[in-house]
Amino acid sequence: MTWKLTGDRPIYLQLMEQIQVEIVAGRYPPGSRLPSVRELAAQAAVNPNTMQKALAELESSGLVYSQRTSGRMITEDRAMIEELKLRLAREQAGEFLEKMENLGFGREETLGLIRQVIEKEEANG
């Protein structure tokens, strides 16, 4: 995983969000084991305590759970993962629409532009 961290928000929140994306994208499938806190912290180049805080928050949400002998696991609740996936997608879509409005595009113009891009990609496919 490539970690992209910025200084504009708390690091642990950014770590949480990136792990959530990895889960909903299927890179960490339901029931699979997450790497250890130290492994993840080393990959992200952050303090293990910061990674621990991010994982504890994910655990409190139910997305991740601890097994004494196996470490942290991804929930097997596929409905929870799908709900998170839809929530994240809605947030992204809302941000995209806001950016398009800031550029002066209306909703119909934005939809037309999206259709053009899809058609172009399908033609080049």
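Look a little higher up for the structure.
None of these values were measured; they are calculated from a predicted model. All residue numbers here refer to positions counted from 1 along the written sequence of the relevant chain. The model is predicted, so local features are restricted to residues of pLDDT at least 70 and side-chain atom pairs to those at 80 or more, both for listing and for counting; the totals for chains, interfaces and linings are taken over all residues. Side-chain descriptors were evaluated using all non-hydrogen atoms of the structure, hydrogens and water having been removed beforehand.

> Where do I start with helix H2 (residues 37–44) in this structure?
In an α-helix, one turn spans 3.6 residues; hence positions three or four apart end up facing the same way. Type-normalised accessible area, obtained with a 1.4 Å probe on protein chains alone, sets the label of each residue: buried when under 20%, exposed when over 50%, and partly exposed for intermediate values. Numbering of helices and strands runs from the N terminus; a helix is a DSSP stretch of H or I covering at least four residues, while a strand is a stretch of E covering at least two. Of all the positions in H2, only Val37, Leu40, Ala41 and Ala44 are classed as buried. Seen end-on, H2 carries its buried residues on one side only, within an arc spanning 100 degrees. Turned more than 90 degrees away from the buried face of H2 sit Arg38 and Ala42, all of them exposed. One or two positions beyond H2, positive phi appears at Ala45, with a value near 60 degrees. Taking the helix axis as origin, the arc is that swept by the directions to the C-beta atoms.

> Mind showing me how you'd approach unusual backbone geometry here?
Among all residues except glycine, the phi angle is most often negative; among peptide bonds, the trans geometry is most common. Even without glycine at this site, Ala45 takes up a positive phi of about 60 degrees. Inspection of the secondary structure assignment puts Ala45 in the loop between H2 and helix H3 (48–61). Note on Ala45: relative accessible area 70%, which makes it exposed.

> What's the story with the pairing of strand S1 (residues 64–67) in this structure? I'm lost.
Pairs of strands are assigned from DSSP output, requiring at least two bridges between the strands. Note that S1 and strand S2 (residues 71–74) share 4 bridges and pair antiparallel. Considered in S2, the bridge of Gln67 is made with Gly71.

> What is the right way to look at the nonpolar core in this model?
General note: in soluble globular proteins, nonpolar side chains tend to be found buried as a group. Judged by nonpolar contacts, the single largest core of 23 residues is most densely connected at Ile23, Met51 and Leu55. Among the elements that line this core, the one with the most residues is helix H1 (residues 11–24), at 5 residues. Residues in contact with Leu55, not counting those within four places in the same chain, are Ile19, Leu34, Val37, Leu40 and Arg72. We define the nonpolar core as a collection of buried residues of types Ala, Val, Leu, Ile, Met, Phe, Trp, Tyr and Cys that are connected through side-chain atoms lying within 4.5 Å of one another. Every residue pair with non-hydrogen atoms within 4.5 Å of one another is taken to be in contact.

> Just to check I follow, could you spell out the packing of H1 against H3 for this structure?
The relative placement of two packed helices is expressed as an angle between their axes plus a distance between the axes. Two elements in contact, H1 and H3, have axes separated by 8 Å at closest approach and are oriented at 55 degrees. Here H1 lies oblique to H3, going by the angle between them. Once H1 is placed against H3, the crossing between them reads as right-handed. Here Ile11, Tyr12, Leu15, Met16, Ile19 and Gln20 of H1 lie close against H3, whose contacting residues are Thr50, Met51, Lys53, Ala54, Leu55, Glu57 and Leu58. When grouped by side-chain class, the residues that make up the contact of H1 with H3 number 9 nonpolar, 2 polar and 2 charged. For helices, the fitted axis covers only the stretch in contact; all axes are lines through C-alpha atoms, and the angles between them, taken along N-to-C directions, range from 0 to 180 degrees. Oblique is the label for any angle not covered by the other classes, which are roughly parallel (under 35 degrees), roughly antiparallel (over 145) and roughly perpendicular (65 to 115). Less than a right angle of anticlockwise turn of the near helix away from the far helix marks a crossing as left-handed, whereas a clockwise turn marks it as right-handed. All residues other than Ala, Val, Leu, Ile, Met, Phe, Trp, Tyr, Cys, Pro, Asp, Glu, Lys and Arg, Gly among them, are scored as polar; the first ten of these are nonpolar and the last four charged.

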